[in-house]
Amino acid sequence: MKDHGAMQRIVRELAAIVGDRHVSDAAEERYLYGRDMGTMPPAPPDMVVLPGTTAEVQAVVRLANRERVPLVPMGAGLVLSGLTRALAGGIVVDLKRMNRVVAVNDVSRYAVVEAGTSQGMLQAYLKKHHPTLKHSLPDAPPMATIGGNVLIHGSGHMSCAYGFHSDMLNGLEVVLPTGEVARIGSCAVSDYWFARAPLPDLAGLFLGWAGTTGIVTRLAIKLFPRYPFNDVAIFVADDPAVIPDVLGRLTAVQVAEDMTAWMTPKPAWAAGHQHVNICWGGHSREELICKRDLLRAAVRDYIQARTAGFMPLPPPLKKRFTRLPDSQLTTFADVRKGGGFEYVGAIMPVDLFAAAYRLGVRVAEARGVAYSLGARIIGANHCMMFFFAYAFNRADDADVARAQGALEETNREVIALGGIPWKAEAPAQQAILARMDPSTRELMARLRRAVDPNGIMNPGNWETER
Amino acid sequence: MDHAEILHRCFRCGYCKLPGNHVDLNCPAYLESRFETFSPGGRMWLLRAWRDGELEASERFQRILFSCATCANCTEQCVFPKFKDRLLDVFAAGKAALVEAGRVPPAVRDYLTAVFDHGNPFKLPPKRRTLWAEGLDLPRFDGQAYLLWIGDVGAGDPRGRQMARQVARVLQRAGIQMGILGPDETSDGNEAAALGEGELFSHLARQNIARFRERGVRRIITLSPHGFNALSRLYPAHGGDFAVFHYTQILARHMDRLAPPTGGPPLAVTFHDPCYLARHNGEVQAPRRILARLPGVTLQEMDRSGKNALCCGGGGGNYFTHLLGEGPDSAARVRVREATATGTAVMLTCCPTCLAMLESAAVSQNLDGRLRVCDLAELVMERLDGCS
Ligand SMILES: Cc1cc2nc3c(=O)[nH]c(=O)nc-3n(C[C@H](O)[C@H](O)[C@H](O)COP(=O)(O)OP(=O)(O)OC[C@H]3O[C@@H](n4cnc5c(N)ncnc54)[C@H](O)[C@@H]3O)c2cc1C
Ligand code: SF4
Ligand code: SF4
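Residues numbered from 1 in each chain as written. Chains lettered and ligands numbered in written order. Predicted model: local features only at pLDDT ≥ 70, side-chain atom pairs only at ≥ 80, totals over all residues.

### Re the interface of chain A and chain B
(1) Moving on: Every contact between the two is made by 32 residues of chain A and, on the other side, 31 residues of chain B.
(2) Moving on: Taken together, the elements giving at least two residues each to the side of chain A that touches chain B come down to α2 (27-33), α4 (119-129), α11 (328-331) and β16 (339-348) of chain A.
(3) Moving on: Top contributing element to the side of chain A that touches chain B by residue count: α2(A), with six residues.
(4) Moving on: Within the side of chain A that touches chain B, the residues separate by chemical class into 16 nonpolar, nine polar and seven charged. (Contact = placed C-beta atoms within 7 Å. Helix = DSSP H or I, 4+ residues; strand = E, 2+ residues; numbered from the N terminus. Nonpolar A, V, L, I, M, F, W, Y, C, P; charged D, E, K, R; others polar.)

### A look at the domain arrangement of chain B
All names here are of chain B.
(1) Moving on: In terms of domain boundaries, chain B breaks down into domain 1 (4-104), domain 2 (118-253) and domain 3 (260-387).
(2) Moving on: Computed over C-alpha atoms only, the centres of domain 2 and domain 3 are separated by 21 Å.
(3) Moving on: Across the boundary between the two partners, domain 2 contributes 27 residues, which contact 29 residues of domain 3.
(4) Moving on: Counting residues per element, the ones that place at least two in the side of domain 2 that touches domain 3 are α7 (151-156), α8 (158-173), α9 (190-194), α11 (225-234) and α12 (247-254).
(5) Moving on: Take the side of domain 2 that touches domain 3: its biggest share by element is eight residues, from α8.
(6) Moving on: Across the side of domain 2 that touches domain 3, the residue classes break down as 13 nonpolar, nine polar and five charged. (Domains from an automatic or database assignment.)

### Some points on the site of ligand 1
Residue and element names in this part refer to chain A.
(1) Moving on: In the vicinity of ligand 1 there are 34 residues, among which G75, G148, N149, G154 and G211 approach most closely.
(2) Moving on: Mapped by element, the contributors of at least two residues to the shell around ligand 1 are β3 (71-74), α5 (146-151), β10 (215-222) and α11.
(3) Moving on: The element best represented in the shell around ligand 1 is α5, accounting for four residues.
(4) Moving on: Of the residues contributing to the shell around ligand 1, the split by class is 20 nonpolar, 13 polar and one charged.
(5) Moving on: When residues are assigned to domains, the shell around ligand 1 turns out to be shared by domain 1 (4-94) and domain 2 (101-225), each giving three or more. (Near = placed C-beta within 6 Å.)

### Comments concerning the environment of A268(B)
All names here are of chain B.
(1) Moving on: Within the element layout of this structure, A268 appears in strand β5 (residues 267-271).
(2) Moving on: Spatially, the C-alpha atoms of A268 and A345 are 7.2 Å apart, while their sequence positions differ by 77 residues.
(3) Moving on: Those residues within four positions of A268 in sequence are excluded, and the remaining contacts are T298, Q300, G343 and T344.

Listed below in C-alpha cells is the structure:
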C-alpha cells in the first residue's frame, strides 16, 4: 500500500502518459470501478486509467511495474463475477478507448480489432463494410468487448458450429506484465493474422487467466459467412433426462450455428419444460428448408412417440428468437424489479444436463431465489456452458446474500458433479484450484511467477499459492 | 430525491451507451469522457451512492450530473420497459436535489441566475430580443393564425438569429399568417427544467401561458425543438392547452404553396436530427418530407439518423455551460466527422442549438470550407431564390 504522496505522483505520471482527461483518482471513479453488477463485495481501485494505444498501455505497465502497483485490465466489466474489481487496490485499466477495427481480411475471413472494441460496434462495422461476414456474438450486452469475451473463453451464436470464442482466436498482441509487447500466433511471424497453428501455441498463456498474465491490446478473430436466410426452431421435451440424446441427434446433423436450451419457471406456459432453441441459416430458402428437414428427421422418433416435439413459432416470435444480440437474459435482472442477477456458467459435459438442471431447481427453490436455467451447446455436443442465473434485488442486502449463497452452493455442486465454473469468482477459483491436479496447479504458479515476477497483474485472481 | 425508489434497478448493462444499430457510442457525456461514471448507468449508481451517503456531491459529481445533454438516447435504448421512460426524470430529480442543496457547477448557477434575472440566459434586454427580426416586416401577435415562438438561442445566438430570419421568411413565403411576441418573449424554460430548476421552469411556464392567453394565442410554431418540447409536452401540466408545431411540421404541410422550384444544381446533403424533435417528440419525417420536395437535392443519411442520431452535445443547458467540452471526442465534433463521412458537403439541421454547436465544431475540426452547416429553412430559401 503506497502513501498518498506516492499515489499522487503515480497519478501525475499516468496523466503524462494518457493525458489528464484519461486518468482519475476521484471518489466517483473509485466507487464505480470498484464494483460490478454481480454479488461480489466492492473492492475499489486507487485510480482508473483509459489508455488509447498499445504504447500507452506499455508505458502504464512499465510504471506499475516500477512502482509495484497492481493493474486490473478491464473491458466492459460485464463478466458479473467481480473479476475487474481491484482486489488489492491499484489501477483499473479500462480498455474501451482502444476500440478500432484494425483490419478485415475478406478472403481468409478474419478481423483484427483492438481489445476494447465492443461486440455491438464490430457487428455494426461488419454489417456496413463486409455484409457477407459476421462474427460469433455472445448474448452479453453489446458493450461487452471482444477482448474481455475471447479471453474468458466466451461463447455465442456460432458456438455450436465452431466452439468457444477462444477457439475462434487467430492471434493476439499483448503487453506482458513486465512491459514488453509480444505477438502470439501467425502475426508473430507474418503480416497475416490467419491462425495460431503451426507454432507452439502461446495463446493459452492468456486465455482463461482473468487478466493475470498480461494486457491484450489486439486480437484477430475468425469471421464466418453471414447467411441471408435464417431460421429458428424450438424443440420441447418434459424430461430433462432425454435432452443429452436430443442434443446429440440434433448436433449430429451439423447444420445448427447455435443450440441453446432454456428452462424457466416463468412464464407459466414455459414452466417444467426443457426448450432447445436451434438456429441455422442458408444461402437460399431451399437450403433453409433442407436443413430444417434434416433437423426434424433427427428427432423424428421423439415426435412419433409424442414424448417431445417442435413448438409452433409464429413469425414475430421467430424474429424475437433470431434477434442478435438477444437482450432477454439482460432483462432477467429486472424480474423482481431489483436490477441484479448473476449466473454460474458451468462448462460441463452434456451428459450432466439432467443433473445440472435438477441442481439449479433445487438450489433456487430451497433458497427462494428467482432463477432461469439454460445451456449453450459448444461444438457438436462436445460440451455445454450450463448457466444457473439467479436474480436479486440490489436494494435488499438479504436478497443479495441469498443469491450469493445460491451461487456459492451451485459453484461447489458443479465441481462435485464434474463440471468447472467458467469466469469463476475469486472464491470459486480457489474451489477449482483445490480440486486441481497439483502438478497443473504448480505449473500455473511457475508460469505466473515467470511472466509476472512482481505479481502486479490482477492480484487476488487465480492465486495458486494461497 | 424524487424517483429514488428506482435507482437500484439500473443493471449497468450499457445498452443505453449505444444507438439501436450499435455503430458507435451515442451518449454524448460518456463519449466525451469515457469514464463509466459519465454513462447513464454510472449516473444511476452514483446517484444511489450519494443518496445513501457513500459519496459527497463533489465538483466532479456535479459535473457528471450536469453534463448530461438530456438527449434521451438512454431512454430510447434501455432494455427495461417502463423503467426506461423514467431515466430522464431521475436525472432531472438528481439535478434538482443538487440545485436544492446549492451544489451546482458555477456555469449552471450563472445560467439559472441569468434566466431568473433577465428572462433569458444571454441577458438580453427586451429590445435586443427582436434583433433577429429587423427588417422582416413581422407583426406582433394580434390574433393571427399562429404565434411564432423563437426561443432563447434563436434570439441570442448570432447563428440562431440568421436561422430565425430564414425560418420566418420561408413561413411568410408559404403564406402562413403569424405574429411574434417580440420583446415580450422570455425563456420557455426547457433547459431550466432539464437542469432541475423546477420552480424557475414553473414560473416561466405560468408566465408564458398567461401571456399566450391574454393575447388569444391558440396555435404556436416554434423555431427550436427545445421550445417545441417545452410548449407541447411540459406546459400542459401547467394548464397550457395550445396546438404546438415545430416549424418543419408546418413547412412540410405547405411546401406546395411555395413557388415550385423547377430544379437546381444537384446537391447532396445530410441531415442531423435534433434530439428534442426526433427522440423526445418522435418527429423524424417532417424534415425529410421537406427535403424530398426540393428538386436536385438528395439526402445521404449518416450511420446514426432519426431516433438513433448522435446528439450535438448542446442539450440540457450544455450549449450555455460547456460542461461537455469542445475536444476531439465532443459529440459535436464526432458528429461533423460523421457528416463528412457521408461524402456530402452540406450538413442540415433544424434547431438553432444544433446549428450553432455543429457549425462551431466544423471550425474546430478544420472542416470549414469543406462542410457547410446550415438550417433546412436556409436551404429551402436558397433553392427557391436560386430557381425563381
Ligand atoms: C446479460 C448477460 C449475458 C451474457 N451472455 C454471455 C454469452 O452469451 N456468452 C458469453 O461468453 N458471455 C456472456 N456474458 C458474460 C460476459 O458479459 C461476457 O463474456 C463479456 O463479453 C465479457 O466481456 P467484458 O468486456 O465485459 O469483460 P470484463 O468483464 O471487462 O473482463 C473479463 C475478464 O477479462 C479480463 N480482461 C478484459 N479485457 C482484457 C484485456 N484486454 N487483456 C487482459 N485481460 C482482460 C478482465 O480482467 C476480467 O478478468 C453475459 C453477461 C451478461 C450480463
Ligand atoms: S439505464 Fe438501462 S440500459 Fe442503461 S445501464 Fe441502466 S439498465 Fe442498462
Ligand atoms: S440523456 Fe443523453 S447524455 Fe444524458 S445520460 Fe442519457 S444518453 Fe447520456
